[in-house]
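One letter stands for each residue in the lines below.
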Amino acid sequence: MFYYVILAATALAFVLCRALLKSRVGYFWLAIREDEQAARAVGIDTFRYKMAAVVISAVVTSFAGVFYAFFYNNLFPEQVFNISRSIEMILGPIVGGIGTLFGPILGAFVLTGLAETLNTALGALGLDFPGAKQVFYGICLLLVVVALPEGVWPWLARRVGVGERRQ
């Protein structure tokens, strides 16, 4: 039951983000990202729209924190504020493709699946390598930055012909 709630919340956040990016506010954010001074020159209140982005991000992140706390039944600082957790959160969008909606989701699925496969393979071989996940994440980051600087999703979208526009 809990997984359905998580899935519904994720879908709702995705739909909200997609609607915001396709609205006037999304185009204002795009203009601010590309050239803040030019956006200000055409009359966009950059402070207001940047503050709205921070508030929306905080709301979505707070819901994610609530689900995380509910799932684990606690919030220990060494578990939540661990450097490995921070790296995992940042690496998903980088690998998947920053500036896309599907990129972070794809990056999280790819990294989680490959890291768990690595842990299973090392466990089957009887090897105990505590930093294996971090080394693996570093190799993935290097490969993506060198081979696919835009990320996996834009490359995959071009190959398949989906054509998601980069936001």
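About the thresholds
In this numbering scheme, every chain counts its residues from 1 along its sequence in written order. In keeping with the model being predicted, local features are shown solely for residues with a pLDDT of at least 70 and side-chain atom pairs are shown and tallied solely at 80 or more, while totals for entire chains, interfaces and linings include all residues. For side-chain calculations, the full set of non-hydrogen atoms in the structure is used, while hydrogens and water are omitted. In DSSP terms, a helix is any run of H or I states spanning at least four residues, a strand is any run of E spanning at least two, and both are numbered starting from the N terminus. The buried label applies to any residue whose accessible area, calculated with a 1.4 Å probe on protein chains only, is under 20% of its type's maximum; exposed applies above 50%, and partly exposed to all values in between. Only heavy atoms matter for contacts: two residues are in contact if any of them lie within 4.5 Å across the pair. To measure how exposed things are, a 1.4 Å probe is used in the Shrake-Rupley method; for residues, cover is taken only from the protein chains shown. When charges are counted, Lys and Arg are positive and Asp and Glu negative, with His and the chain ends excluded. Taken as the charge centre is NZ of Lys, CZ of Arg, CG of Asp or CD of Glu, depending on the residue. Side-chain atoms within 4.5 Å are what join buried Ala, Val, Leu, Ile, Met, Phe, Trp, Tyr and Cys residues into a set we call a nonpolar core. Each residue after the first adds 1.5 Å to the expected span of a helix. Starting at the helix axis, one direction is taken to each C-beta atom, and the arc is that of these directions. Angles here are taken between N-to-C directions and fall from 0 to 180 degrees, while the axes themselves are lines fitted to C-alpha atoms, restricted in helices to the stretch in contact. Oblique is the label for any angle not under 35 degrees, not over 145, and not in the 65 to 115 range, which are roughly parallel, roughly antiparallel and roughly perpendicular in turn. Here the term charged refers only to Asp, Glu, Lys and Arg, the term nonpolar to Ala, Val, Leu, Ile, Met, Phe, Trp, Tyr, Cys and Pro, and the term polar to all other amino acids, Gly among them.

So, the overall build of the chain
In step 1: Counting secondary structure elements, the chain contains nine helices and zero strands.
In step 2: In the chain, the order of α-helices and β-strands from amino to carboxyl end is α-α-α-α-α-α-α-α-α.
In step 3: When its C-alpha atoms are laid out on the principal axes, the chain stretches across 65 × 40 × 30 Å.
In step 4: A total of 167 residues make up the chain; the buried ones form 22% of that total.
In step 5: Of the contacts formed within the chain by residues at least 6 apart in sequence, a portion of 52% connects residues at least 24 apart.
In step 6: Counting every atom, the chain has about 11500 Å² of accessible surface; 72% of that belongs to carbon and sulfur.
In step 7: Taken as two groups, the 13 positive and 10 negative side-chain charges of the chain have centres that lie 10 Å from each other.

Quick look at the nonpolar core
The tendency in soluble globular proteins is for nonpolar side chains to be buried side by side.
In step 1: Counting 10 residues, the largest nonpolar core is built from F14, L20, L21, F28, W29, I32, A39, I44, Y49 and L101.
In step 2: When contributions to this core are tallied by element, the ones reaching two or more residues are α1 (2–22) and α2 (24–34).
In step 3: In terms of nonpolar packing, the next biggest core, distinct from the first, is built from nine residues, V95, L111, F136 and V152 among them.

Comments concerning α1
In step 1: Helix length check: α1 (21 residues) gives 30 Å between terminal C-alpha atoms against 30 Å at 1.5 Å per residue, within 8%.
In step 2: Of the residues making up α1, those classed as buried are F2, F14, L20 and L21. One side of α1 holds all its buried residues, which, seen down the axis, span an arc of 135°. In α1, the exposed positions angled more than 90 degrees off the buried face are occupied by Y4, L7, L12 and V15.
In step 3: The inward-facing, buried residues of α1 abut α2, α4 (46–72) and α7 (102–124).

Focus on the packing of α1 against α4
When two helices pack together, you describe them by how their axes are tilted relative to each other and by the distance separating the axes.
In step 1: At a minimum axis separation of 11 Å, α1 and α4 run at an interaxial angle of 170°. Between α1 and α4, the interaxial angle falls into the category roughly antiparallel. In contact with F2, Y3, V5, I6, A9, A13, L16 and L20 of α1, α4 contributes I56, V60, F67, F70 and F71.
In step 2: For the contact of α1 with α4, a count of residues per class yields 13 nonpolar, no polar and no charged.

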